[in-house]
Amino acid sequence: MIKIDIVDQEIIKDSNRKKIVQLLYKKKELTKQDISKELEISIPTVTSNINALIKEGIVEEAGMAESTGGRKPIIIRFLPNSRYAFGVDFSLEIIRIALTNLNSEIIYETSMDIKGFYNIDEAIRKIEMEIKHILNEKKISIDKVLGIGFSLPGTVNEEDMVLEMAPNLKIKNIVFKEFTDILKLPVYIENEANAAAFAELTLGIAKEMRNLAYISITEGIGTGIVIQDYLYKGKNKRAGEFGHMTIVADGKPCNCGKKGCWELYASDRALIEGYCSRANQKKVSLKDFFYKLKCEDPIAKEAWESYLDYLAIGIQNIILLLDPHYVVIGGKIGQYPGILESLKEKVFIQNTFYNENDIKILISTLKENASILGAALLPMQKLFFIKRKII
Ligand SMILES: [Zn+2]
């Protein structure tokens, strides 16, 4: 009995501390009285937590508030630059590294080209060197860094710390736990679209919204599902692999081994390939393609229309499967002006099940930073969140 009581006490203590940090993070400045009132925690408990947080440098005393009768209360201020976190985003040809503070502001950002992921150990060593360099440059001590979060384009078991498979990177079963020693920091991993969905939920457009499907369009397509504030990952942590749902029976062969997967028709790569095959061209950048589209190039227009048709079919399937409040589109394609209107027209074509008033389609406000910010948020969970937000 005594043992259980001690455990309970510890959990309550930890949860009080996290609630206080979370509230101060949101409101930036509050008096102890405000905190006590808002969280329904006694003043002595608030005071002892605040004293500990001041000692750790996470908050500071910042003058007096107006008195409501009696002594003027002290203002407690949250210090966003008291701790930092790294976000690392892996994609096909590039690794992006960002250092953020507790307000998820990017303090430093860099990237490195990577030719294939055959030597993951070498990539990790390069990241370690880059991290050392960044901390040196910004004069930040490593003990102020909460950890490194990795955003990975594949199936991720975040509990066992394994990237189970990333068909487009052609790697599988990478155990990230082993990299903690090299990186000398706590390591966290998450699927790229899940990390982006987590960022949208915490910082972006979905802040006030609880059910959403996040569609990350890059060289492939990843999707993150949020149900009532929780990332839905399913029994084997593979939920949301909508990029590999079959859109064309017996269609193009995919790196995953199947045929006709959605991402072969609705990713950045698919758009470019669709244009190049029509224009009989070898390669064109996404930027150049959008320029041609803006200039009303007829081949670009045709490729765009066909691309949007496939994108819309996938979104329709997701809506039928999940009936979410919101579908958020992330990635460079989402930034093209006018995409939303054209896409909505195609998604909400006359049907029996839903119309434009039932589900909102939105463009990510975090743009290309959604997944890297989500990755950097992973180490911060220890400071802010009472329980892991994954089901
Ligand atoms: Zn596939």
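Residues numbered from 1 in each chain as written. Predicted model: local features only at pLDDT ≥ 70, side-chain atom pairs only at ≥ 80, totals over all residues. Heavy atoms only, no water.

J.: A description of the packing of aromatic side chains should follow, citing residues and the corresponding values.
T.: Between two aromatic rings, the relevant description is the distance of the centres plus the angle of the planes. Under the criterion given, the structure shown has 13 aromatic pairs. Relative to Tyr-310, the ring of Tyr-265 has its centre 4.9 Å away and its plane inclined at 40 degrees; by these criteria the two rings are tilted. Taken together, the residues span a long stretch of sequence, with Tyr-265 in helix α7 (residues 263–266) and Tyr-310 in helix α10 (residues 298–322) at a distance of 45 residues. Judged by its relative accessible area of 10%, Tyr-265 falls in the buried class. Of the residues examined, Tyr-310 reaches a relative accessible area of 26% and is grouped as partly exposed. Considering the side-chain rings of Phe-290 and Trp-304, the 5.6 Å spacing of their centres and the 85 degrees angle between planes classify their relative orientation as edge-to-face. Taken together, the residues Phe-290 in helix α9 (residues 286–294) and Trp-304 in helix α10 connect sequence positions 14 residues apart. Judged by relative accessible area, which is 6%, Trp-304 ranks as buried. (Phe/Tyr/Trp six-rings, centres within 6.5 Å; stacked < 30°, edge-to-face > 60°. Helix = DSSP H or I, 4+ residues; strand = E, 2+ residues; numbered from the N terminus. Buried < 20%, exposed > 50% of the residue type's maximum accessible area, 1.4 Å probe, protein only.)

J.: Explain the layout of surface pockets to me, using residue names and the numbers behind them.
T.: Reported here for the largest pocket is a volume of approximately 1300 Å³. Lining of the largest pocket is provided by 46 residues; of these, Ser-91, Thr-218, Glu-219, Asp-268 and Lys-332 occupy positions nearest its centre. Sorting elements by how many residues they give to the lining of the largest pocket places helix α8 (residues 268–279) first, with four residues. In terms of residue class, the lining of the largest pocket is built from 15 nonpolar, 14 polar and 17 charged. Both domain 2 (84–197) and domain 3 (207–365) contribute no fewer than three residues apiece to the lining of the largest pocket. (1 Å grid on protein atoms, 1.4 Å probe; cavity = no way out; pocket = protein on both sides within 12 Å on 5 of 7 lines; lining within 4 Å. Points joined across faces, edges and corners; volume = space filled by probe spheres on them. Nonpolar A, V, L, I, M, F, W, Y, C, P; charged D, E, K, R; others polar. Domains from an automatic or database assignment.)

J.: I'd like to hear about the sheet that holds strand β7 (residues 145–152), residue by residue, with values.
T.: One open sheet holds the five strands; their spatial order is β6-β5-β4-β7-β11, and the pairing between them is mixed. Bordering the open sheet on either side are β6 (106–113) and β11 (187–191), each of which pairs with just one other strand. Averaged over all pairs of adjacent strands, the angle between their axes in this sheet comes to 20 degrees, without regard to strand direction. Across five bridges, the pairing between β7 and β11 is parallel. Note that in β11 the partner of Gly-149 across the bridge is Tyr-188. Against the sheet, helix α12 (residues 370–384) touches β4 (84–90), β5 (94–101), β6, β7 and β11, its axis set at about 140 degrees to β4. (Pairing = 2+ DSSP bridges. Axes fitted to C-alpha atoms, helices over the stretch in contact; angles between N-to-C directions. Contact = heavy atoms within 4.5 Å.)

J.: If you had to explain the confidence of the model for the protein chain to someone new, which residues and values would you point to?
T.: Here the protein chain averages 89 in pLDDT, while 96% of its residues score no lower than 70. Per-residue pLDDT, averaged within each element of the protein chain, yields its smallest value for helix α1 (residues 2–27) (79) and its largest for α7 (97). (pLDDT = per-residue confidence, 0-100.)

J.: Before we move on, can you summarise empty space enclosed by the protein with the specific residues and values?
T.: A probe matching the size of a water molecule, rolled over the atoms, marks out where space remains unfilled. Enumeration according to the criterion identifies two cavities of 30 Å³ or more in this entry. What lines the largest cavity is a set of 10 residues, and nearest its centre among them are Phe-198, Leu-231, Leu-378, Gln-381 and Ile-390. Going through the elements one at a time, β11 and α12 are the ones with two or more residues in the lining of the largest cavity. Estimated volume of the second largest cavity: approximately 60 Å³. Together, Gly-154, Thr-155, Val-156, Asn-191, Asn-194, Gly-222, Thr-223, Lys-237, Arg-238, Ala-239, Gly-240 and Glu-241 line the second largest cavity. Elements represented by at least two residues in the lining of the second largest cavity include exactly β8 (155–157) and β13 (221–227).

J.: Mind laying out the pattern of salt bridges, listing which residues take part and the relevant values?
T.: A full pass over the atoms with the stated rule returns 21 salt bridges. Glu-60 serves as the salt-bridge partner of Arg-77, at 2.9 Å between the closest nitrogen and oxygen. With a gap of 17 residues between them, Arg-77 in strand β3 (residues 74–78) and Glu-60 in strand β2 (residues 59–64) connect regions that are remote in the sequence. (Salt bridge = Lys/Arg side-chain N within 4 Å of Asp/Glu carboxyl O.)

J.: I'd like to hear about the sheet that holds β3, residue by residue, with values.
T.: By definition, the strands of a sheet pair up through backbone hydrogen bonds, in either a parallel or an antiparallel sense. Sheet architecture is open: three strands sit in the order β1-β3-β2, paired in antiparallel fashion. Only two strands of the sheet have a single neighbouring strand rather than two, namely β1 (29–31) and β2. The sheet shows a mean angle of 35 degrees between the axes of neighbouring strands, taken without regard to direction. The pairing of β1 with β3 spans three bridges and is antiparallel. Its bridge partner lying in β3, Thr-31 is registered against Ile-75.

J.: Requested: an account of the pairing of β5, with residues and values cited.
T.: With respect to burial, β5 is a largely interior element, seven of its eight residues being buried. Linkage of β5 to β6, two consecutive antiparallel strands, is achieved through a turn of four residues, within which Ser-104 is found at a positive phi near 60 degrees.

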